[in-house]
Amino acid sequence: MKERLIELKQEAVAQLSKVADATHLNDLRVKYLGKKGPLTEILRGMGSLSAEERPLIGQVANEVRGAIESLIEEKQEHFQRQETEQRLAAEKVDVTLPGRPLKQGGIHPLNQVIQDIEDIFIGMGYRIAEGPEVETDYYNFESLNLPKNHPARDMQDSFYLTEDLLMRTQTSPVQVRTMEAMKGEVPVKVICPGRVYRRDDDDATHSFQFHQIEGIVIGPRIRMSDLKGTLLQFTREMFGSDTQIRLRPSFFPFTEPSVEVDVTCVKCSGKGCRVCKNSGWLEILGSGMMHPRVLEMSGYDPEKYSGFAFGMGVERIAMLKYGVDDIRHFYNNDLRFLGQFATI
Ligand SMILES: [Zn+2]
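As annotated in an unreviewed UniProt entry, the protein carries the name Phenylalanine--tRNA ligase alpha subunit and is attributed to Paenibacillus anaericanus. Among the UniProt annotations of the protein, the heading Subcellular location (unreviewed entry) holds the following wording: "Cytoplasm". Under the Sequence similarities (unreviewed entry) heading, UniProt states for the protein: "Belongs to the class-II aminoacyl-tRNA synthetase family. Phe-tRNA synthetase alpha subunit type 1 subfamily."

Laid out in structure tokens, this is it:
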């Protein structure tokens, strides 16, 4: 029996030394050490041995098992190492390959202009206020001195949702809501940026949806000269330090007196060109001193306080600033257009 064990060991060692891969190695492990293998068989047959022989044979059998096991382990480690090396070689990274560029987005030009305008007014001590896009008739019109049947309502064709609710046609209702929330406190200094809606047919200069920024200031002794100084400061920061402004009399129901504000043409600096139709001026916003009736309706005593208001179209400012000739470019989401404004 001892001879058989030694033979078995020699046979196993010979086979194991020739093994070429992990699968084959596993087959050999099952063959020699498995439950149906010769070694198990010999150990099972030990019962028939004499008491003297049993420990001797047992010892040899254990040695043989140990030798085969350690050889298998050694081979296993060898194959694992080989596999790791092969994998590392296959997965080698070429650090000299050029990288794939990341797609970088940019800020939409309209948002950029809104941010620029906000920054300028925040710098002058204004606060930013926002309000709902679906408004009541009261906030959108009546509280701004536009009672029902007022002819000036025709200036703003509206999308009505119900008899009393509409998509706001201007950001002015936010001013009214702000004044109400302030409950007669002064000073009020806010700008209200946001989307507005009018029943316009879309063309190069009109859109049914666009953006406005309006602002109001209320306090004691607020005068027209304050309005002019504020707008001059704003336009100079927006369009350049040598920009001039011109005020022309106009009409808005919520201001009295009302003025339209022109800036020197951004293209020709006032010399006259195609953009300004040779006038040297471009209209950019409407403004005026707050109508006493509007102040009163929102809880401010017009005998004690006065104020001014102004409003501008963001698209118009963006078109002038960037020389864009069609308002629809802003909404088409064409990356060839938008990519020109990406700052990075
Ligand atoms: Zn011009």
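So much for the structure itself; the text now carries on.
Trainee: Summarise the coordination of the zinc ion; cite the residues concerned and give the values.
Mentor: Ligation of the zinc ion by protein atoms is provided by Cys265 (SG), Cys268 (SG), Cys273 (SG) and Cys276 (SG), these donors lying 2.2 to 2.3 Å from the ion. The coordination sphere of the zinc ion comprises four donor atoms, whose angles at the metal cover 105 to 115 degrees; the geometry is tetrahedral. Mapped onto the polypeptide sequence, the residues donating to the zinc ion form the spacing pattern C-x2-C-x4-C-x2-C. The exposure classification of Cys265 matches that of Cys268, with both residues buried.

Trainee: Residues and numbers for helix H10 (residues 314-322), please.
Mentor: In an α-helix there are 3.6 residues to a turn, and that puts residues three or four apart on one side. Within H10 the residues assigned to the buried category are Val314, Glu315, Ile317, Ala318, Met319 and Leu320. For H10, the elements touching its buried residues are helix H5 (109-123), strand E5 (209-219), helix H8 (224-239), strand E8 (281-290) and strand E9 (306-313). A positive phi of about 65 degrees marks Gly323, the residue just after H10.

Trainee: Describe the nonpolar core, and please don't skip the residues or the numbers.
Mentor: Taken as a class, soluble globular proteins show a tendency for nonpolar side chains to be buried jointly. By size, the foremost hydrophobic cluster in this structure holds 42 residues, and its most contacted members are Phe310 and Met312. For this core, the secondary-structure elements that each account for two or more residues are H5, E5, H8, strand E7 (255-264), E8, E9, H10 and helix H11 (335-338). Non-local contacts of Met312, meaning those with residues more than four positions away in its chain, are made with Ile117, Phe121, His211, Gln212, Ile213, Phe234, Ile284, Leu285 and Ile317. With 20 residues, the next largest nonpolar core counts Leu28, Ile42, Leu49 and Ile57 among its residues.

Trainee: How would you explain the packing of helix H1 (residues 2-18) against helix H2 (residues 22-33) if you had to name every residue and give the values?
Mentor: It is the contact of H1 with H2, at a shortest axis distance of 11 Å, that shows an interaxial angle of 170 degrees. Regarding the angle of H1 to H2, the classification is roughly antiparallel. Across the interface between the two elements, Leu8, Glu11, Ala12, Gln15 and Leu16 of H1 pack against Leu25, Leu28, Lys31 and Tyr32 of H2.

Trainee: Could you give an account of the pattern of salt bridges, naming the residues involved and the relevant values?
Mentor: Under the counting rule described, the total for this entry stands at twelve salt bridges. Across the pair Asp137 and Lys148 runs a salt bridge, and its minimum N-O distance is 3.5 Å. Here Asp137, found in helix H6 (residues 137-140), pairs with Lys148, found in the loop between H6 and strand E3 (165-167); they are eleven residues apart in sequence, far enough to count as distant. On the basis of relative accessible area, Asp137 is assigned to the buried category, the value being 1%. With a relative accessible area of 48%, Lys148 lands in the partly exposed category. Through salt bridges that share partners, Arg246, Arg248, Asp262 and Glu283 make up one connected network.

Cut-offs and rules
- Residues numbered from 1 in each chain as written.
- Predicted model: local features only at pLDDT ≥ 70, side-chain atom pairs only at ≥ 80, totals over all residues.
- Heavy atoms only, no water.
- UniProt positions renumbered as here; feature names shortened; annotations may be inferred.
- Donors = N, O, S within 2.8 Å, 3.2 Å for Na, K, Ca; no water.
- Tetrahedral: all angles 85-135°; square planar, octahedral: opposite > 155°, others 65-115°.
- Buried < 20%, exposed > 50% of the residue type's maximum accessible area, 1.4 Å probe, protein only.
- Helix = DSSP H or I, 4+ residues; strand = E, 2+ residues; numbered from the N terminus.
- Contact = heavy atoms within 4.5 Å.
- Core = buried A, V, L, I, M, F, W, Y, C linked by side-chain atoms within 4.5 Å.
- Axes fitted to C-alpha atoms, helices over the stretch in contact; angles between N-to-C directions.
- Parallel < 35°, antiparallel > 145°, perpendicular 65-115°, else oblique.
- Salt bridge = Lys/Arg side-chain N within 4 Å of Asp/Glu carboxyl O.

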